[in-house]
Amino acid sequence: MIAPHSPAPAARTVHKAVVPAAGLGTRFLPATKATPKEMLPVVDKPAIQYVVEEAAAAGLDDVLMITGRHKRAIEDHFDHAFELEQALTAKGDTVRLDAVRDPARLANIHHIRQGEPLGLGHAVLCARRHVGDQPFAVLLGDDLIDPRETLLSRMLDVRDRHDGTVVALMEVPPEQIHLYGCAAVEPTDEDGVVRVTGLMEKPSRQDAPSTYAVIGRYVLDPAVFDTLERTPPGRGGEIQLTDALQELAADGTVHGVVFDGLRYDTGDKADYLRTVVRLACDRPDLGPEFLAWLREFVATAEANGAVGRRRPAA
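So, how was this worked out
- Residues numbered from 1 in each chain as written.
- Predicted model: local features only at pLDDT ≥ 70, side-chain atom pairs only at ≥ 80, totals over all residues.
- Heavy atoms only, no water.
- Helix = DSSP H or I, 4+ residues; strand = E, 2+ residues; numbered from the N terminus.
- Rg over C-alpha atoms; globule rule 2.2 N^0.38 Å.
- Buried < 20%, exposed > 50% of the residue type's maximum accessible area, 1.4 Å probe, protein only.
- Contact = heavy atoms within 4.5 Å.
- Areas by Shrake-Rupley, 256 points an atom, 1.4 Å probe, with all protein chains shown as cover.
- Lys, Arg positive; Asp, Glu negative; His and termini not counted.
- Charge placed at Lys NZ, Arg CZ, Asp CG, Glu CD.
- Core = buried A, V, L, I, M, F, W, Y, C linked by side-chain atoms within 4.5 Å.
- Phe/Tyr/Trp six-rings, centres within 6.5 Å; stacked < 30°, edge-to-face > 60°.
- Lys NZ or Arg CZ within 6 Å of the ring centre and 35° of its normal.
- Axes fitted to C-alpha atoms, helices over the stretch in contact; angles between N-to-C directions.
- Parallel < 35°, antiparallel > 145°, perpendicular 65-115°, else oblique.
- Nonpolar A, V, L, I, M, F, W, Y, C, P; charged D, E, K, R; others polar.
- Polar contact = N/O pair within 3.5 Å; in protein donor to acceptor, adjacent residues only side chain to side chain.
- Patch = residues over 30% accessible without salt bridge, like charges linked within 9 Å, V, L, I, M, F, W, Y side chains within 5 Å.
- Salt bridge = Lys/Arg side-chain N within 4 Å of Asp/Glu carboxyl O.

Student: Would you take a moment to explain the overall build of the protein for this structure?
Tutor: Looking only at helices and strands, the protein has 11 helices and 13 strands in total. Its C-alpha radius of gyration of 21 Å places the protein within 12% of the 20 Å reference for a compact globule of 314 residues. Counting only C-alpha atoms and orienting by the principal axes, one finds that the protein spans roughly 65 × 50 × 40 Å. Across the 314 residues of the protein, 46% fall into the buried class. Contacts spanning at least 24 positions in sequence make up 76% of the contacts within the protein whose residues lie at least 6 apart. In the structure as shown, the protein presents an accessible area of about 16500 Å², 52% of it carried by carbon and sulfur atoms. Between the averaged position of the 35 positive side-chain charges in the protein and that of its 47 negative side-chain charges there is a distance of 6 Å.

Right under this line is the structure:
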């Protein structure tokens, strides 16, 4: 089912979304040897479809995917599959027919390839010609926000009030901050909105200016393109979006929206599994039966002391 679509307010200035999806997915090898990591199924939809549904639900009707030469499956998924649609039509299977057609109907979807794996900042820079001089949202393809949350709409509202750039922030335990970009912040008079005064890419716990991690949602001012053009390669030899945002933050034009809702990192194996279980349990068509089995499985495993063990051979 497509996420509910909320028309963008008439005064909203952001209409385009960019979804970087050119990564190699090495953490999920060998599954991602021939299948893009963004196409791994989360219950019965690929992860990236949830991301595009989120953009559409926030009123962003123009979506640019930044892919690589090994990501053709993403382009195919958001296109029409005429033979499959004809076969389902002939069978009268309207439920599956709608499910097959839904991805292509979410938004006006475009694709461009990132020729070299030069980092997130470079991927965003690849969108310059498509975006032009308009503000735009960036949604990372393996970072899922629960469909019931309104994070992206809140960020778009903050952009409309303040202009500049808006990033999504989430408080994490201090021992995890080295996994994220980290923001130095100061309060504003708006609940849940802070001013970002500086950013660091994956700092050590000792060097981190806060426990506010930057998660995979951004609303960027087009000024970021000029900044990215002159941003040298940083951590890992890649052009880091965080480094460019640090320069913009020095001008006082970056705000953060603090998010404390449900987020799923499908780029991590354990969190991917938790995501599948949680979203399956939330489904009215799957949840009751799956939850009953899950409770029985956990109870039996704990009773037998078998959690984490292999089942003995018959």
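Still more ground to cover, so stick around.
Student: What's the story with the nonpolar core in this structure? I'm lost.
Tutor: Core analysis: the biggest nonpolar cluster contains 43 residues, and Ile48, Leu60, Met65, Phe78 and Leu151 have the highest contact counts within it. For this core, the element with the highest residue contribution is helix α1 (residues 47–57), accounting for six residues. If we ignore the near neighbours within four places in the chain, the residues touching Phe78 are Ile48, Gln49, Val52, Met65, Pro103, Ala104, Leu106 and Ile109. Among the nonpolar cores identified, the runner-up in size contains 31 residues, and Val18, Leu64, Leu199 and Leu248 belong to it.

Student: I would appreciate a short explanation of the environment of Glu54 in the present structure.
Tutor: Structurally, Glu54 is set in helix α1. Leave out the neighbours within four places in its chain, and Glu54 touches Leu139, Ile145, Leu152 and Arg217.

Student: I would appreciate a short explanation of the packing of aromatic side chains in the present structure.
Tutor: When we look at a pair of aromatic rings, we describe it by the centre distance and by the angle of the planes. Per the stated rule, a full pass over the model turns up four aromatic pairs. Centroid distance Phe290 to Trp293: 5.9 Å. Interplanar angle 15°. Geometry classified as stacked. Taken together, the positions of Phe290 and Trp293, both in helix α11 (residues 287–304) and three residues apart, correspond to about one turn of that helix. With centroids separated by 5.2 Å and ring planes inclined at 15°, the aromatic side chains of Trp293 and Phe297 adopt a geometry described as stacked. Taken together, the residues span about one helical turn, with Trp293 and Phe297 both in helix α11 at a distance of four residues. Using a relative accessible area of 46% as the deciding quantity, one classes Phe297 as partly exposed. We note Lys45 situated over the ring of Tyr50; from NZ or CZ to the ring centre the distance is 4.4 Å.

Student: So what exactly am I meant to see when it comes to the packing of helix α10 (residues 269–282) against α11 here?
Tutor: Packed helix pairs are characterised by how far apart their axes lie and by the angle those axes make with each other. Remark: α10 packs on α11, axes separated minimally by 7 Å, with the N-to-C direction vectors making an angle of 130°. Taken together, the axes of α10 and α11 lie oblique to each other. Contacts from Val277, Ala280 and Cys281 in α10 reach Gly287, Phe290, Leu291 and Leu294 in α11. The residue makeup of the contact of α10 with α11, split by class, is six nonpolar, one polar and no charged.

Student: Help me understand the side chain of Arg217 in this model?
Tutor: With respect to the helices, strands and loops of the structure, Arg217 is situated in strand β11 (residues 212–220). At 2.5 Å, the side chain of Arg217 forms a polar contact with the backbone oxygen of Asp143.

Student: Is there a simple way to think about a nonpolar patch on the surface in this case?
Tutor: The grouping of Trp293, Phe297 and Val298 at the surface amounts to a nonpolar patch, some 300 Å² of accessible area in total. For Trp293, a relative accessible area of 45% puts it in the partly exposed group.

Without other data, these values stay purely geometric and don't point to any function.
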